[in-house]
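As a plain string of letters, each chain reads:
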Amino acid sequence: MTKSEQLFEEAVRLIPGGVNSPVRAFGSIGSTPRMIARASGANLWDEDGNKYIDYIGSWGPMILGHNQPEVLEAVVDACARGLSFGAATKIEVDMARLICDSIPSVDMIRMVNSGTEAVMSAIRVARGFTGRDKIIKFTGCYHGHSDGLLVKAGSGAMTSGVPDSAGVPVGCTQDTLTANYNDLESVETLFAQFPEQIACVIVEPVAANMGVVPAEAGFLEGLRYLCTRYGALLIFDEVITGFRLSFGGAQEYFGVRPDLTTFGKIIGAGMPVGAYGGRREIMEMVSPVGSVYQAGTLSGNPVAMAAGYTQLTILRDHPEYYRELNEKADMFFGKLAMAVEAAGKPYQVNHVGSLGCLYFTGEQVRDYESAKTSDTARYAHYCNYMIDHGIYLAPAQFEAMFVSMAHTQQQLDETVDLATEYLMTEEE
């Protein structure tokens, strides 16, 4: 038995499912997690000493690679000054200034501790600002595990949400309306049904929690129009896309300005962090200025702020990084698509910038229903093969691959070569 297996055996006795987040579980691919011991650049090493090329990157924040020297130095320096104060600090102001100066839709920002907290808070502000209760989310888009957003997939004509988790009362989701991603008509139907009751529409501008599904031309622009027309706020959940697709996030990449934006992942460079921000008149609804209450003892933690500020400063000062990263990713996912075609497989490769996904389906993936046509058993076999051969992929079909600045061309080519080898020999 390997060290990873031994540790997981113990973990199962002490932690639900042996993991502290379901996305780390390997149950959907029929194996057990590799217990990671350390990371550097684009590589991970597990407790057994196995080395992997990593395409998870802590689920997105490691855009510069693991243990980037300047970020690491900033964290060590911050730790030496104190781990947490529960008081206002200069680094919070520096971070707020950097984000507000960089994202045109953000006049004010509030730091929190996770993407879930950021989204939960942004929706509360939207409700407080508009005086309305209902919200629209999209089937297959994940916005954290707060009660009101854990809603089962359903048609765009649904008039109330069905809880997608035990422990969530129906009352918590009765004002959550569900529309179909890339389907403006489903959104219009809900607005027509509740023209003066919808506080906001929340959307991942690139759906990255059902694999990777790009917003089709006109979709985000249509949401902007509908929200403006009906007096609702448009919230972009940029926990994954923020500062990744471009320095200005998906809203710069697609040229659509939301009213509120939620951030996470990259703005902490791997440390626990989240944030939400938007127009001044909206954000001034937040206490202690306004009547929308939100608080957090560890919000704006000085160590997390130091890590995130350093990473964002590097990205700001090197705009060429985005061109280089996106060109590298375009080539990588393009080669992966060619490998699929050369093997005579009907599978789909979706990608936007440095985010991508290989779907084991012959159907074009443009929404939740088409994503769900994927053969998860085939993905499981492929994923185990890749991990066993040193390529660390997400242990689930419906997660994204993340390419970082630290990935070398040799590593990317090695990954494509191994995928090609698998696809060429895959049993029907």
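Attention in this report is confined to the structure presented alongside it. (Residues numbered from 1 in each chain as written. Predicted model: local features only at pLDDT ≥ 70, side-chain atom pairs only at ≥ 80, totals over all residues. Heavy atoms only, no water.)

### Some details on the environment of Ile 56
Condition: Helical segments are the DSSP runs of H or I of at least four residues, strand segments are the runs of E of at least two, and each set is numbered from the N terminus. Exposure categories follow from relative accessible area, calculated using a 1.4 Å probe and restricted to protein chains: below 20% of the type maximum is buried, above 50% is exposed, and the middle band is partly exposed. It only takes one pair of heavy atoms within 4.5 Å for two residues to be counted as in contact.
As for its position among the elements, Ile 56 is in the loop between β3 (51-54) and α2 (69-81). A relative accessible area of 6% means that Ile 56 is categorised as buried. Leaving out residues up to four positions away in the same chain, Ile 56 has contacts with Tyr 392, Leu 393, Ala 394, Pro 395 and Phe 402.

### Observations concerning the sheet that holds strand β2 (residues 43-46)
How we decide: Pairing between strands is defined by DSSP: at least two bridges between them are needed. Think of each axis as a best-fit line through the C-alpha atoms, taken over the contacting stretch in the case of a helix, with angles from 0 to 180 degrees between the N-to-C directions.
With mixed pairing, four strands are arranged side by side in an open sheet as β1-β2-β3-β15. Looking at strand neighbours, the two that pair on one side only are β1 (36-40) and β15 (391-392), the edges of this open sheet. Where β2 and β3 come together, three bridges link them in antiparallel fashion. Residue pairing for β3: Leu 44 is matched across the bridge by Tyr 52. Strands in contact with helix α14 (residues 409-425) are β2, β3 and β15; relative to β3, the strand with the most contacts, it is inclined by about 100°.

### Considerations on the packing of aromatic side chains
Condition: Pairing of aromatic side chains requires ring centres within 6.5 Å, counting the rings of Phe and Tyr and the six-membered ring of Trp. Pairs whose planes differ by under 30 degrees are stacked, by over 60 edge-to-face, and all others tilted.
Going through the model one piece at a time under the given rule, you end up with 17 aromatic pairs. Taking 4.4 Å as the distance between ring centres and 40° as the angle between the ring planes, the aromatic pair formed by Tyr 347 and Phe 360 counts as tilted. Of this pair, Tyr 347 sits in the loop between α11 (320-342) and β13 (348-352) while Phe 360 sits in the loop between β14 (355-359) and α12 (368-371), placing them 13 residues apart in sequence. You can call Phe 360 buried: its relative accessible area is 2%.

### Topic: the pairing of strand β7 (residues 198-203)
Most of β7 sits inside the fold, with six of its six residues counted as buried. Looking at chain direction, strand β5 (residues 134-138) and β7 are connected through three bridges and run parallel. Paired with Ile 136 across the bridge in β7 is Val 201. Pairing between β7 and strand β10 (residues 233-237): four bridges, direction parallel. Counterpart to Cys 200 in the pairing with β10 is Leu 233.

### Comments concerning the pattern of salt bridges
Spelled out, the test is: Take a side-chain nitrogen of Lys or Arg and a carboxyl oxygen of Asp or Glu: if they are within 4 Å of each other, that pair is a salt bridge.
Tallied over the entire structure, the rule returns 15 salt bridges. Its salt-bridge partner being Asp 259, residue Arg 279 comes within 2.5 Å of it at the nearest N-O pair. Taken as a pair, Arg 279 in the loop between β12 (274-278) and α9 (280-283) and Asp 259 in the loop between α8 (249-254) and β11 (260-263) lie far apart in primary sequence, 20 residues in all. Given the relative accessible area of 27%, Arg 279 is considered partly exposed. For Glu 426, the salt bridge goes to Arg 378, with nearest N and O atoms at 3.0 Å. Here Arg 378 lies in helix α13 (residues 376-388) and Glu 426 lies in the segment after α14, a separation of 48 residues in the sequence. Exposure remark for Glu 426: the relative accessible area of 10% places this residue in the buried category. Within the structure, one salt-bridge network assembled from shared partners comprises Arg 224, Asp 259, Arg 279 and Glu 281.

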